[in-house]
Amino acid sequence: MNFSDTRSNEIWTQCLYLLLSLHVVFGLYEDQIGKFDWRQHYIGKLKYGAFDSSSTERIVIATESNVLAAISAKTGEIIWRQVLEKGSRGDIKLLHVPTQGNGIQSTGNRYSKAFDIITVSGVSPALIRGWNSNTGALEWEWSILPISIEKAEAAHWFIHDLNLYHVIPVWGSHVEVTEYIATSGQQPKQTTSRISAAWITDGKCVLTPPFFACTLKDQLMAINLLSDNAKIIAKTLKSVAVDAPTALCGISSIIQDDQLYWLTSDRHMQLEPEDTLLFENSILDDEQLLIRASVNRAHSTLKVSATTVTDDSYYEAINFVSDYPETLGTPKLVAIRCRQASENSKNRGQLVCRVLVSSADGALSLIQGTKIKWTREEALASVETADFLDLTLSDAEGAIEEELNNKNGDVFGAFQRRIASQIGHVKNMVLHVLGLGPAPSKAQKAGLVRDDFGLHKMLIVVTTSGKIFGIDNVSGKHHWVRYLPEITNFANDQSMKLLVQRTSRFYPLAAQSVVLGRHKQTKHGIIYQFNPITGQPVNGGMVHLPYKIHQISLLHQTGPDFLKGLLILDEKKEAHVLPESSAKYAHNFYMFSAERDSATIHGYLVEFKNEKLSTTPIWTVNLGGFSNGQKIVAIECKNPIEHVHSQGRVLADRSVLYKYNNPNLVAIATHGPDNIHKYIMNIHLLDVVSGSIVFSMSHKRIRPPLHMVHSENWLVYSYYNDKVRRTEISSLELYEGKTQTNSTVWSSLDAPPLPLVERQTYILPVAVASMKETITEKGITSKHILIGLSTGAIAEMSWALLDPRRPLTSPEKAREEGIIPYMPELPMPHEIIINYNQSISNLKGIYTAPSGLESSCLVFAHGLDIFVTRVAPSKTFDLLKEDFDYFLITVVLVILTSTSYIVKLFASKKAIKQAWK
């Protein structure tokens, strides 16, 4: 064999390897990125913040969502973001951003010019980390493992002269202080200092470095933690202290009952209740200043002023009034950065300051001069509930609706309206051509009009802080914002409720929604009524109820105004309906309530007799088990707007297996300890009208997190199997059998026999953060399960993979039905990830809504970020493809039409010739 043959064989071998390595790849075209979806990044409500000394255009932020980030001072955009561990392990206890000149330089040549950002997070262990402020990269890390976790949870931290001090108060006894070198964790002193302080009390103390101060009745007592001979400082307060004091760091002072007390002197200052303070000692001329800000709600302004610490005189260079809209909560000064204006600017020689302000609603704003330069709506990092709503009709479509509004059957009136409408259309067209047409409505100007396919909707988002957003689901624009400072979540961590009383389909009536919660102080119910399209309040907006809300529900029937009433059950189990005119529609209405700790479910019947509402308890079910150790961990109801298109399932023998479509069925999961299996999770399917348990099953050695999806005749839920240490997902399907009891109306009081239950369990390769099913307008499209993963991805899992009827083998019957053979591991290919590389940090929930197209479903996912997209479980069978060849189909139609006319002409000539023969 010569050299050429050997070379040729090598080339063929390489080509063969190349061909074998090729496979079909499914991906997303670059021009499709962001076409049907968008994502917005957030960092959460601010906890600590400071201007970075190494860059004048960077602000370093630590938030309550366990996030460390740097944002641009010019635009407010995120430069870099580090999401720390979830829960208490990532809770940031200290953020230290060094000022210019005393920064801690990193070791090594690579970061020799970068200043470290130091954070302390977690309790057991406490993690001390150094970060690069330019890139957000972790440079070094060391940890402390506490001896007592209870003591460590009350610990405080502060940095002084490049050393880190760990302060642990032992209530009623002493204070333990341990000194560390901040960058290495070494202890200059081998022992921990114990400072006797029998007067310290939990909830009455605060750290204002280097002092540890507490209030004791009408006394303020403090001690210097860095002094060798620590002496107790005692001051008399004007009144008995009720709340814990507030620290004002930098000048060793605290705020108590609108009084500012200096711990290093006998001075004190009277403050206004609305004032917020900030100490600053590095403006320009090293003058120590006390920055004060107060908000004026009547004029929607924020006044910022400064006084010197030495003689309490006004510092005239810092005195301005800025805009402060009503959508922002109570302000808190975070940081200030000032500089001399350049010679070329209008304010030449003057002091120009940037003030970073955090609001009670979670917003973060930068004020420069008399205007707010930018605002970050960080309330969206903590979403409670959300919903999609149809937009209003355009002006032209509204005119058509008015034209067709002929309820009395007046044919002449309908003809008259049609002529008037056509004349009006011609008139508007002529005026529009001449540029003299009528001005469009506000909704049309903002683009808030319904599209042909119902894909353009308004996304209503309710946040933990009580802020409500109206967001465009296509562009992500915030069209309106409302802030409700009095409202909060219900007890037992139950989120606020967003209910739609009337949609936009009933033209010309406007849509109406309500947000229900409880008052922060009185704990009574509170309702906010508003127009979800414009955000404007309806009927005064806020309604304060004189009772606590125990359960709420929307009535099924509506009055002549198409408004669904609210049925409210108070703590005394008495029923109320809002508005009261809808009380008659609450007759024979069934409700249920659950007690989480006792795992008890109660059923009620609401009746309307003699113009009064009455509530009758009709059943009670205890799911606590033999020892009452079980607690309810999840309750999942069916989506009230879903439609069941198919009543049964066709089998291989052409018979029908009818679904058990019980609209009153609720899935309840309980979890508790067990003497043999450590802990057990029970799944119950309960009919909440009759109180009967339709099905129950137990899982041993299973623990949360638990996520459930309940739809049609099936239930899917995920959990963590502690025995084999993996995430599993189980599915249930309920069938009546091959005969259907009633094909028209379901009645729980005359229900069919217990259903046939098919069940199966599968293995997931990754932890689950949330689950939700897709929903469409008519229910014709196949159901898919959207699984939010702990990695931030959202997987669209086909129901065929979760089908509990998947056989262990593949017999002929299963193949004819199209059932996939059973495999315990569920595949997780990249093609099913609907958010591709748009990961959602700390994913918490997913919401779905139908669109005008039967094939498409709208999706909203939230966590630290928010993400909106749309999915098509059965592909877009009711839409043309993007690459559809319109030119070709037009040419074909023209040719066919021309050919038909020509053929018709020849046929007529032939018929005439035949007639003359």
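Residues numbered from 1 in each chain as written. Predicted model: local features only at pLDDT ≥ 70, side-chain atom pairs only at ≥ 80, totals over all residues. Heavy atoms only, no water.

Quick word on the state of the cysteines
- Within this structure, the stated rule accounts for 2 disulfides.
- Across the disulfide from C205 sits C214; the S-S distance is 1.8 Å. Taking the sign of the S-S torsion, 110 degrees for the link of C205 and C214, the bridge is right-handed. Per residue, the accessibility class of C205 equals that of C214, and both read buried.
- Here C338 engages in a disulfide with C353; their sulfurs sit 2.0 Å apart. In this structure the cystine formed by C338 and C353 twists about its S-S bond by roughly 105 degrees; its chirality is therefore right-handed. Pair noted here: C338 is in strand β26 (residues 331–340) and C353 is in strand β27 (residues 351–359), with a separation of 15 residues, a long-range link.
- Each bonded cysteine of the chain gets a number by its place in the sequence, and the pairs then read 1-2, 3-4. (Disulfide = S-S within 2.5 Å. Buried < 20%, exposed > 50% of the residue type's maximum accessible area, 1.4 Å probe, protein only. Helix = DSSP H or I, 4+ residues; strand = E, 2+ residues; numbered from the N terminus.)

Some thoughts on the sheet that holds strand β3 (residues 58–63)
- With antiparallel pairing, the 4 strands of this open sheet are ordered in space as β2-β3-β4-β5. The open sheet terminates on both sides in strands that have one partner only, identified here as β2 (46–51) and β5 (78–83). Between one strand axis and the next, the sheet turns through 15 degrees on average, direction left out of account.
- Here strand β4 (residues 67–72) runs beside β5; their pairing, made up of 5 bridges, is antiparallel. Within β5, the residue paired with A69 across the bridge is R81. (Pairing = 2+ DSSP bridges. Axes fitted to C-alpha atoms, helices over the stretch in contact; angles between N-to-C directions.)

Points about the side chain of N473
- Examined against the element boundaries, N473 turns out to sit in the loop between β32 (467–472) and β33 (478–483).
- Its relative accessible area of 7% is what places N473 among the buried residues.
- In this structure the side chain of N473 is engaged in a polar contact, spanning 3.0 Å, whose partner is the backbone oxygen of L455.
- Other than its neighbours up to four places away in sequence, N473 contacts W38, F388, L455, H456, K457, L858 and V868. (Polar contact = N/O pair within 3.5 Å; in protein donor to acceptor, adjacent residues only side chain to side chain. Contact = heavy atoms within 4.5 Å.)

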